[in-house]
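# Breakdown of the fold
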Amino acid sequence: IVPGSSIFPSIHQPTDKKLIQTSASLQWAYVKDNIAAMQARHPYLDGVAASMNGNFAKDYLMMRGDRLWTADDLQLKTVSQIKWGTYTDKFVILYFGDSLALDFFDDRKWSVITHNAGMVSKMIRAGNFKGVFLDNENYYEGSRGWKYDSSWYQGRTLEQVKAQCRQRGHDFMTALQAHASNP
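Here we summarise the structure given alongside this text. These numbers were taken from a predicted model, which means no experiment stands behind them. Residue indices begin from 1 for each chain and proceed along its sequence in written order. It should be noted that, the model being predicted, local features are given only for residues of pLDDT at least 70 and side-chain atom pairs only at 80 or more, the latter also being counted only at that level, while totals for whole chains, interfaces and linings use all residues. Calculation of side-chain values draws on the structure's entire complement of heavy atoms; hydrogens and water are dropped beforehand.

## Focus on the nonpolar core
Selection criterion: Among buried residues, those of type Ala, Val, Leu, Ile, Met, Phe, Trp, Tyr and Cys that are joined through side-chain atoms within 4.5 Å constitute a nonpolar core. Residue exposure (1.4 Å probe, protein chains only): buried if accessible area is under 20% of the type maximum, exposed if over 50%, otherwise partly exposed. Put simply, DSSP H or I for four residues or longer makes a helix, DSSP E for two residues or longer makes a strand, and each gets a number counted from the N terminus. Here, residues are in contact when the closest pair of their heavy atoms is within 4.5 Å.
The biggest cluster of nonpolar side chains holds 37 residues, and the ones touching the most others in it are Trp28, Trp84, Leu94 and Met123. Sorting the residues of this core by element identifies helix H1 (28–41), strand E2 (47–51), helix H2 (76–80), strand E3 (89–95), helix H3 (107–126) and helix H4 (158–176) as the ones contributing at least two each. The residues contacting Trp28, other than those within four sequence positions of it, are Val48, Ala50, Ser51, Met52, Gln75, Thr78, Val79, Ile82, Trp84, Phe91, Met123 and Phe129. In this structure, Ile20, Ala49, Ile93 and Tyr95 belong to the second largest nonpolar core, which totals five residues.

## Observations regarding the packing of aromatic side chains
Here is the rule we go by: In this analysis, rings of Phe, Tyr and Trp, with Trp reduced to its six-membered ring, are considered paired at centre separations within 6.5 Å, and the interplanar angle assigns stacked below 30 degrees, edge-to-face beyond 60, and tilted for intermediate values.
Taken as a whole, this structure holds six aromatic pairs when the rule is applied. Ring geometry for Trp28 and Phe129: centres 5.1 Å apart, planes at 70°, overall edge-to-face. With a gap of 101 residues between them, Trp28 in helix H1 and Phe129 in the loop between H3 and strand E4 (131–135) connect regions that are remote in the sequence. No difference in accessibility class separates Trp28 from Phe129, as the two residues are buried.

## Description of the side chain of Thr78
Secondary-structure assignment places Thr78 in helix H2. When residues no more than four places from it in sequence are discounted, the contact partners of Thr78 are Trp28, Ala29 and Lys32.

## Some details on the sheet that holds E2
Defined as follows: Pairing between strands is defined by DSSP: at least two bridges between the two strands are required. Note on geometry: axes are lines fitted to C-alpha atoms, helical ones only across the stretch in contact, with angles between N-to-C directions running from 0 to 180 degrees.
Sheet architecture is open: four strands sit in the order E1-E2-E3-E4, paired in parallel fashion. With partners counted over all chains shown, the strands left at the sheet margins are strand E1 (20–23) and E4, one partner each. This sheet shows a mean twist of 25° between the axes of neighbouring strands, independent of strand direction. Looking at chain direction, E3 and E4 are connected through five bridges and run parallel.

## Quick look at the pattern of salt bridges
Here is the rule we go by: Each reported salt bridge corresponds to a side-chain nitrogen of Lys or Arg within 4 Å of a carboxyl oxygen of Asp or Glu.
In total, this model carries six salt bridges according to the counting rule given. As a salt-bridge pair, Asp89 and Lys130 come within 2.5 Å of each other at their nearest N and O atoms. Here the residue Asp89 occupies a position in strand E3, and Lys130 occupies one in the loop between H3 and E4, the gap between them amounting to 41 residues. With relative accessibility at 51%, the residue Lys130 sits in the exposed group. Asp107 is the partner of Arg168 in a salt bridge, and the nearest nitrogen-oxygen pair spans 2.7 Å.

Structure below.
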C-alpha cells in the first residue's frame, strides 16, 4: 500500500515534513548577521526556533508576570531586519515552565502576562515568524502552573479554578494573536 493512495490516504506527504533548528541560547542578532553562513552550513534546515531574546533567564519566562517586556527586550528592530533566505519556517520559543507564584486569579499579574503576550505578537509580526513553540516544562522546583492543589486556591472550587484557567488561556491567546497578520 502506498501512502497517499486512495486505499491508504495520508495527511502528511513527505514534502510536509520540516527540519527546524532550535536553541534556547541563539541570539537573533547573530541570526541577522550570520544567516547566510548558517544556511550554507546546514542547507537541509527549513527554519529556526529560538527564544524571544536568545536568553533563558527567569525574566523572560512567560508566566512570571512580574515585568512588562519592551520592544528592546524582544529585539523587534533586530528581528525585523533578518533576511530569512531559504528559511520558510521561523518560530519564537516561549518558556512557560517557571510558574512558582502563578495565580490564575491575580489580575495584576495577568495584565502583565497578557501585555507580554501582545509584545510577542508584535515580535512575530516584525520578524515574519510562522508562530511559536510552547515549552511548558517546569524547570524550577516548586513550579505549580500545570497542576491543581486546593491549598493554592482556598475558598475556590475546582470548577471555579477551571473556569478561570480557561478565561486566562483565552485572554493569553487573544493577546498572542493581536498583531498576527493571519491569526
